[in-house]
2 protein chains.
Amino acid sequence: MAVVVSELTENVAGEHAQLVIPITLFVAVLCLCIVIGHLLQENQWVNESITAIFIGSITGTVILILSKWKSSHILTFNEELFFIYLLPPIIFNAGFQVKKKQFFHNFLTIMLFGVVGVFISSLIITSGSWWLFPRLKFHGLTARDYLVLGTIFSATDTVCTLQVLHQDETPLLYSLVFGEGVVNDATTVVLFNAIQKIDVTKLNSKAGLRLIVDFLYLFSTSTALGVTAGLLTAYALKTLYFGRHASIREIALMVLMAYLSYMLAELFELSGILTVFFCGIVMSHYAWHNVTDSSRITTRYLFAMMSFVAETFIFLYVGMDALDIEKWRISKLSFGTSVAIYATIILLMSLGRAAFVFPLSALSNYMNRRADRTYKITFRHQVIIWWAGLMRGAVSIALAFKQYTFSGVTMDPTDAVMITNTIIVVLFSTVVFGFLTKPLISYLLPNSAPNNLSREESKILKEDMNLPLLSFEESATTNILRAKDSLSMLIERPVYTIHYYWRRFDDAYMRPIFGGPISSSSSR
Amino acid sequence: MAVVVSELTENVAGEHAQLVIPITLFVAVLCLCIVIGHLLQENQWVNESITAIFIGSITGTVILILSKWKSSHILTFNEELFFIYLLPPIIFNAGFQVKKKQFFHNFLTIMLFGVVGVFISSLIITSGSWWLFPRLKFHGLTARDYLVLGTIFSATDTVCTLQVLHQDETPLLYSLVFGEGVVNDATTVVLFNAIQKIDVTKLNSKAGLRLIVDFLYLFSTSTALGVTAGLLTAYALKTLYFGRHASIREIALMVLMAYLSYMLAELFELSGILTVFFCGIVMSHYAWHNVTDSSRITTRYLFAMMSFVAETFIFLYVGMDALDIEKWRISKLSFGTSVAIYATIILLMSLGRAAFVFPLSALSNYMNRRADRTYKITFRHQVIIWWAGLMRGAVSIALAFKQYTFSGVTMDPTDAVMITNTIIVVLFSTVVFGFLTKPLISYLLPNSAPNNLSREESKILKEDMNLPLLSFEESATTNILRAKDSLSMLIERPVYTIHYYWRRFDDAYMRPIFGGPISSSSSR
């Protein structure tokens, strides 16, 4: 009896330790990352992602040595952890802190890059690898695998991009690259799910059309869900008047409603990313104005902090996972073939991105030909957009794990190759492209002064949350003057006209119901 | 092939949904609780725990009906979830927001209640149930079970108590009951773990001594770990000077270090509760002064919010779990016997608490006989302390699940009885005692004006964080005058003298190193 009890106790203690040890380790390393990231902040070459990846790999190596070359990672990569806990705060914060003015002004260009771009890029990567992989003596992938491959390596890394570009130095670039990243996230996840469903044996134009309809359906329903959740929160905060004495309830309600919108989207198999992004935009536009000053400060920093910790955690994890020797052991390719595959993927990625950035930029410039020069995408900008979007990150890894492993474990050599491929490409693109982006920007755009503020801080300090959702001073007067011949205007400058009417609608109907300061005519 | 893939996809989707559905449901119900709790805030009878429990039981009933009387709960109670995620923020926030002045002044009394009290109470409950249960025809419990039973029902519910008492209305009562709750938490967990280890067949004075030594060791090491973690954070924040532009890093570091201290304590099998409580005290005393204004506001509200959500979640869960009909089915006792057992436990609980509150209060009054009248515990106070501490909560449930189930599931009738016993006692004590506490206080202490501020808010608004750790104006002048004959003072008024020297030490050595305003002589 005593023996049974002690065994049971040990068993329970063992289970307990199974969770306690990795959490302790991760939290400790996260603290280390924050301190070291702070010390290296002034450094021109490294950014926080690279720091986290390096610290991750060092930790991985230490664990590998301590466990006598058996296991380099403590937690197996869990896409649930990623999709349910880490991604929502990052994307919500992005929506909450984004410069709405820039984002909506460039909306059409962003949609071109984020939707059409992904389709072009996936097509090139899929067909390129389909043609090249057998020539590199790498066989065993199915048609679906190739399609998935194109999607995985078309997912840009929003998180890493944000650490290189600054909203205040290069507002146009930032909004384009960042906006693309968000829409891209949604498109790749939608595409990935669509590929799981379609019958690969019947790839025809009908299937392609089906894909586009699916995408449009998902995009609109996800956005609607996010907007509804945001408006509901704003309405609840305004009518219940939580007021001076209930900051904690207000904050809790905002956090929980944001998360609820994401989980509902996941439940209905929509794109949680899009939902929570638009929920963030609506919340910062309406709900944020209905709460106390303390709640405003707290929510801004809280969301930024959660996003920051989640980002750091992901890169730390990627670094630690890189040394997972089991997967290296299972993949049976020679060193030469492996390197050739990595090089092929990176080459196809660059080609695929070039194939849409330059033509679509030209198209966007053509559409905006009558607008201000500020919104013209110069060739130098195009190069930076192309380059900054080459980084691949956590979404790629999460999708790869979802496709090629079962709960983070794989025994199939081909699958193991795909996992290691993804990890290497992510590591290479983050570290090498990440290293070179800052110098590239200062070379191509010498005017943009280096900013000593940390990224999140500057984002928060500078953005004026009181601006209406779509205000842009430079065009407002013109709009009012031209309002009478609005039909000709709608044809010539569609974005401006839509904005003008949206703002009138916002001031007349939305803000009185959902909160937020009503912009007076003079301040427009 | 296609079938296999679609099956796999379905399987993955099923797994995904297994996590998504309960999370979505819990988050949605949490939102509901916040809104309803806000609407009922002015109500004299209900408090937030009761609201959450009711909403939880209604949700449980709905699920029960929807699942056709099969399962009332979606998540099985997971003590990992409780101990690793929900408890740390509650206790840390308690340490962070506690009125340090009151807490340290009543330190000896609190320790008497929290340590000696638990031993007395457990002893009475254990021996009482040992004697009464067989007479109620309830057999099958081992000696260890009886010992554990005493511990489980000696764990007061800090969370619920806080919702009834207010720091500003009844400062002495609040600090005593709350302080007792924190120390009580630590003592019961320590005692519970100690009981798992001791050999129940050899219960003698040596085993008792061993238990006390174990407790002292755990208490001192846990406290030291928490203080070290807090000081380390303060030192890092001060020397690295994160400064104006890195609020997000500061906040992240404070949150992560607090959590790290808890997890380290769990890893070394210390009392995480004590550790994180003292970490909170040290952080609010030193680290909090080294950060920017935005970080200060954010951390205060963030910690309070996390604690609030965790509390609500726990009560919601208790409410939902109450209807777990499986456990009711397994326990084979008649209705009469069950009620007799509940009544016995509640009676023993009340007796056990009375057996230490009144004698120890008298002892405390005797020790403080020369101090101010403000610190005298009147008989009315004693009644309230006795009554408010009768509520049992999440710690009891967590310990019961840890002892009597295996990962939340039990098949043994006796174990099932113990689980349902605990749930019923917790529900009864929270609802009934909770309902009556507010009226009782206003009857016994009619002077304490009802406070319209919500609990957390008033806690934050009123407390002046700039006060030194142990300042109490009323005694400061006296202290300085008497400093010369400090030996006689140490004998007469030990607490005051220790405080005086501590404050000198704090100003001279601690604050210059770890941060915080140095109190000038005039302000003492």
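Residues numbered from 1 in each chain as written. Chains lettered and ligands numbered in written order. Predicted model: local features only at pLDDT ≥ 70, side-chain atom pairs only at ≥ 80, totals over all residues. Heavy atoms only, no water.

Condition: UniProt positions are given in the numbering used here, feature names are shortened, and annotations may be inferred rather than shown by experiment.
An unreviewed UniProt entry lists chain A under the name Sodium/hydrogen exchanger, from Ziziphus jujuba. Under the Sequence similarities (unreviewed entry) heading, UniProt states for chain A: "Belongs to the monovalent cation:proton antiporter 1 (CPA1) transporter (TC 2.A.36) family."

**Quick look at the packing of aromatic side chains**
All names here are of chain A. Using the following cut-off: Between rings of Phe, Tyr and Trp, where Trp is taken as its six-membered ring, a pair exists when centres lie within 6.5 Å; planes separated by under 30 degrees are stacked, by over 60 edge-to-face, and by other angles tilted. Exposure classes here rest on a 1.4 Å probe applied to the protein chains alone. A residue is buried below 20% of its type maximum, exposed above 50%, and partly exposed in between. Counting as a charge over the ring demands two things of the Lys NZ or Arg CZ atom: a distance within 6 Å of the ring centre and an angle within 35 degrees of the ring normal.
Following the criterion strictly, the structure yields 34 aromatic pairs over all chains and no others. For the pair Phe 428 and Phe 433, a centre-to-centre distance of 6.0 Å together with 80° between the ring planes defines the contact as edge-to-face. Residue classification places Phe 433 among the buried positions, given a relative accessible area of 7%. An aromatic cluster is defined as three or more aromatic residues linked by ring pairs; in this entry it consists of Trp 386, Trp 387, Phe 428 and Phe 433. The ring of Trp 288 carries Arg 296 above its face, with NZ or CZ at 5.3 Å from the centroid. When the ring centre of Trp 288 is taken as reference, the NZ or CZ atom of Arg 300 above it lies at 5.4 Å.

**Some thoughts on the side chain of Glu 180 of chain B**
Note the threshold: Elements are defined by DSSP. Helices are runs of H or I of four residues or more, strands are runs of E of two residues or more, and each kind is numbered from the N terminus. Contacts: residue pairs with any heavy atoms within 4.5 Å of one another.
Mapping Glu 180 of chain B onto the fold places it in helix α8 (residues 171–197). With near-sequence residues (within four places) excluded, Glu 180 of chain B lies in contact with Ile 110, Phe 113, Gly 114, Thr 156, Ser 175, Arg 353, Phe 356 and Ile 385 of chain B.

**Topic: the environment of Tyr 262 of chain B**
Residue and element names in this part refer to chain B. With respect to the helices, strands and loops of the structure, Tyr 262 is situated in helix α10 (residues 247–267). Residues Tyr 262 and Asn 204 lie 58 residues apart in sequence; the distance between their C-alpha atoms is 33 Å. Apart from residues lying up to four places away in sequence, Tyr 262 is in contact with Phe 83, Leu 87, Pro 88, Gly 272, Ile 273 and Val 276.

**Topic: the pattern of salt bridges**
Oppositely charged side chains are able to pair whenever their charged atoms sit close together. Residue and element names in this part refer to chain A. Rule in force here: A pair is scored as a salt bridge if a Lys or Arg side-chain nitrogen falls within 4 Å of a carboxyl oxygen belonging to Asp or Glu.
Per the stated rule, a full pass over the model turns up six salt bridges over all chains. One salt bridge connects Asp 506 with Arg 511, and the closest N-O pair in it is separated by 3.1 Å. When sorted by exposure, Asp 506 lands in the same class as Arg 511, which is buried. Counted as one network, the salt bridges with shared partners bring together Asp 506, Asp 507 and Arg 511.

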